[in-house]
Amino acid sequence: MAENAEWWRGAVIYQIYPRSYQDDDGDGSGDLKGITRRLDHVAALGVDAIWVSPFFTSPMADMGYDVSDHRGVDPSFGTMEDFEAMVARAHELGLKVIIDQVFSHSSEEHPFFEESRQSRDNPKADWYVWADPKEDGSPPNNWQAIFGGPAWTWDTRRKQYYFHQFLSEQPDFNAHNPDVQAWILDTLRFWLDRGVDGFRLDAVNHYFQDPELRDNPPDWREKSEPDSKPFEMQYPIHSKNQPENLEFMERVREVMDSYGATMTVGEIGEGHHPVERMTEYTTGKRLNMGYTLALTGPHFTADYIRAQVESMIAPGQGGYPCWAMSSHDHNRPVSRWSDIGADQDALAKLAGAVLLTLEGGICMYQGEELGQADTDLERHEIVDPEGKSFWPLVKGRDPSRTPMAWEAGAPNGGFSTAETTWLPAKAPQTARAVDTQAGVDGSVLEAFRALLHLRRDEPALRTGKTVFLDAPEPVMAFTRGDDVLCVMNLGPEAVEVLGLGVGAPLLEIAAKVVEDGVELGPNGVWIGRPGA
């Protein structure tokens, strides 16, 4: 029987942050062998695939997103043999394997950049974005870096500035160079030949910049005061989202299709026109899915979620979203939305139910199945460059990156036997370890397993169209296809929802059928058959 080429439609992808998942060699940091050891847990959840964040050779200025060898495994994570063993075990368990690829930039320690910065006429001279200074010595334009300050750094060897959308240690490739494009495509083939099933393409709309290096205009949205990040005060129409980017996605798709049942999901970080960008990048022969950040912010109301979903799946639009509520870059849901939670467990189950009933692909971050909150870190415990730059207003991404908790009574929650781990495993997190929830009725973990298996068993929850029903806040009600009705209480007080004509229940969390409707407890969830 031929494999379903579109297995990714409606699939649930479990994100693993390697540094924090499982430490196998006892050095305080997670590794590939540790991931392999814990894959049984992932498979038992009922997800379809794993997404493994960068494990490539790197000096770790940005925790692996500053890559110095895109085709190598950093020794801190193991070896290529360890990677291949992880892929083999995942496939044995029926899990697809998706890996991050970071092609918008490299590490400053990448051999390509080390050669490029030596002169203006070497073989790699045009592999990065270089520009002369203005007459007064200042940078060539006003572009700002996401991690703070100008997006240009002076290099004394070439007597030019180089562009970096992120850290100064992360120079941006010049994707206008055909040799750079060929190298990117060959790198995709390198990993496809080693058995991966797809790629999560980091910062995918940042590959190309305006060749004329024109200034970005001020952000067109009203701002009453300066933003904490100068990057957010510009409308980056020239530093990303260039038309050449879309053309290159078609070349990426050609490579992917030549390998059969593979997929791409692109991180389309876009605050100005998210729906339009999603449509552009995921229609035609481009990306399969677009990783949307629409539900990773502070808003969690029925009206807001409905508006986001309806905008992304509007008839005739043609785009295909991949939803996430948290990641290694974003705060965890139970911390972001604590004000509407009856308690941490109830809110975690509700967030899981919302996420796992959405139309499109799903990315679920490690620890969500345990109802984990962000870790309260002190200033001296922060390692993330974003946190160091913007503390205390922005504490960076470390609070959601702390170690996975496996065994409540073991050192570091079973993550590592080391005396000190790269980020601390603190008591509020280890108290929610897998071994305290597995097989326990009513636990967050068992609720996630039930939700995931329901999504797998009910075709309507994977591929059925969504139709929202009118309901007052904080209730959200919608159908998926003709077979499934979902009713959820996004508030901390019990409510009754009448007049829905509900049928047989499929899953109830703090909810029950009453005459002519359902009764939802605080953060309650009812999923079942529509009534007559």
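Everything numeric here is computed off the predicted structure, so don't read it as measured data.

## Focus: the overall build of the protein chain
Secondary structure assignment for the protein chain yields 16 helices and 19 strands. Radius of gyration (C-alpha) of the protein chain: 23 Å, near the 24 Å computed for a compact globule of 532 residues. Classification of the 532 residues of the protein chain by burial places 60% in the buried group. Put simply, of all contacts in the protein chain between residues at least 6 apart along the chain, 68% involve residues at least 24 apart. Both charge centroids of the protein chain, one from 47 positive and one from 85 negative side chains, sit 2 Å from each other.

## What about the pattern of salt bridges?
This structure, assessed with the given rule, holds 33 salt bridges. Ionic pairing is found between Arg214 and Glu212, a salt bridge with its closest N-O pair at 3.9 Å. The closest approach of N and O atoms between Glu280 and Arg277, which form a salt bridge, is 2.9 Å. Residue Glu280 and its partner Arg277 are located together in helix 8 (residues 274–282), separated by three residues, close to a single helical turn. With relative accessibility at 14%, the residue Arg277 sits in the buried group. One network of salt bridges, with partners in common, ties together Asp62, Lys229, Asp329, Asp384, Glu386, Arg397 and Arg401.

## So, the layout of surface pockets
Taken as a whole, the second largest pocket encloses approximately 320 Å³ of empty space. Taken together, 21 residues make up the lining of the second largest pocket; nearest its centre are Trp8, Arg9, Gly318, Gly319 and Tyr320. Looking at the lining of the second largest pocket, its residues break down into seven nonpolar, eight polar and six charged.

## So, the packing of aromatic side chains
Across all of its chains, the model carries 30 aromatic pairs by this definition. Ring centres of Tyr21 and Trp406 lie 5.1 Å apart, and the angle between their planes is 85°; on these two criteria the pair is classed as edge-to-face. One end of the pair, Tyr21, is in helix 1 (residues 18–21); the other, Trp406, is in the loop between helix 12 (385–390) and helix 13 (427–430), and 385 residues separate them in sequence. You can call Trp406 buried: its relative accessible area is 3%. Taken together, the aromatic side chains of Phe103, Phe112, Phe113, Trp127, Tyr128, Trp130, Tyr162, Phe173 and Trp183 make up a single cluster linked through ring pairs. Positioned above the aromatic ring of Trp422 is the side chain of Arg19, whose terminal nitrogen or guanidinium carbon lies 5.1 Å from the ring centre.

## A short note on the environment of Gly94
Secondary-structure assignment places Gly94 in the loop between helix 4 (80–92) and strand 5 (96–101). When the C-alpha atoms of Gly94 and Arg251 are compared, they prove to be 29 Å apart, with 157 residues separating the residues in sequence.

## Observations regarding helix 7 (residues 243–257)
Between its terminal C-alpha atoms helix 7 stretches 22 Å, which fits the 21 Å expected from 15 residues at 1.5 Å a residue. Of the positions making up helix 7, those classed as buried are Asn245, Leu246, Phe248, Met249, Val252, Arg253, Val255 and Met256. Projection of helix 7 onto a plane perpendicular to its axis shows the buried side chains occupying an angular sector of 160°, all on one side. Opposite the packed face of helix 7, turned more than 90 degrees from it, sit the exposed residues Pro243, Glu247 and Glu254.

## Concerning the sheet that holds strand 7 (residues 152–155)
As summarised here, the arrangement of the three strands in space is 6-8-7, forming an open sheet in which the pairing is antiparallel. Every interior strand has two partners, whereas the edge strands, strand 6 (130–131) and strand 7, have only one. When strand 6 meets strand 8 (residues 160–163), the two strands line up antiparallel, connected through two bridges. Counterpart to Trp130 in the pairing with strand 8 is Tyr162.

## Details of the pairing of strand 8
Burial of strand 8 is two-sided: the residues Gln160 and Tyr162 facing one way and the residues Tyr161 and Phe163 facing the other way are all buried. As defined by bridge partners, strand 7 adjoins strand 8 across four bridges and the pair is classed as antiparallel. By the bridge assignment, Asp155 is partnered in strand 8 with Gln160. Connecting strand 7 to the antiparallel partner strand 8 that follows it, the hairpin turn spans four residues, and Lys159 within it adopts a positive phi of roughly 55°.

## Some details on the packing of helix 6 (residues 178–192) against helix 7
Direction vectors running N to C along helix 6 and helix 7 enclose 30°, while the axes themselves pass 10 Å from each other. Between helix 6 and helix 7, the interaxial angle falls into the category roughly parallel. Between helix 6 and helix 7 lies a crossing of right-handed hand. Contacts from Gln181, Ile184, Leu185, Leu188, Arg189 and Leu192 of helix 6 reach helix 7 at Phe248, Arg251, Val252, Val255 and Met256.

## A word on the pairing of strand 1 (residues 12–16)
Within strand 1, five of the five residues are buried, which leaves the element mostly enclosed by the surrounding structure. Across the two faces of strand 1 the burial is the same, with Val12, Tyr14 and Ile16 and Ile13 and Gln15 all buried. Where strand 1 lies against strand 13 (residues 361–365), four bridges are found, and the strand directions are parallel. Counted as the bridge partner of Gln15 is Tyr365 from strand 13. Bridge count between strand 1 and strand 2 (residues 49–52): four bridges; the pairing is parallel.

Calculation criteria
Residues numbered from 1 in each chain as written. Predicted model: local features only at pLDDT ≥ 70, side-chain atom pairs only at ≥ 80, totals over all residues. Heavy atoms only, no water. Helix = DSSP H or I, 4+ residues; strand = E, 2+ residues; numbered from the N terminus. Rg over C-alpha atoms; globule rule 2.2 N^0.38 Å. Buried < 20%, exposed > 50% of the residue type's maximum accessible area, 1.4 Å probe, protein only. Contact = heavy atoms within 4.5 Å. Lys, Arg positive; Asp, Glu negative; His and termini not counted. Charge placed at Lys NZ, Arg CZ, Asp CG, Glu CD. Salt bridge = Lys/Arg side-chain N within 4 Å of Asp/Glu carboxyl O. 1 Å grid on protein atoms, 1.4 Å probe; cavity = no way out; pocket = protein on both sides within 12 Å on 5 of 7 lines; lining within 4 Å. Points joined across faces, edges and corners; volume = space filled by probe spheres on them. Nonpolar A, V, L, I, M, F, W, Y, C, P; charged D, E, K, R; others polar. Phe/Tyr/Trp six-rings, centres within 6.5 Å; stacked < 30°, edge-to-face > 60°. Lys NZ or Arg CZ within 6 Å of the ring centre and 35° of its normal. Expected span 1.5 Å × (residues − 1). Arc of directions from axis to C-beta. Pairing = 2+ DSSP bridges. Axes fitted to C-alpha atoms, helices over the stretch in contact; angles between N-to-C directions. Parallel < 35°, antiparallel > 145°, perpendicular 65-115°, else oblique. Left-handed = near helix turned anticlockwise from the far one by under 90°.

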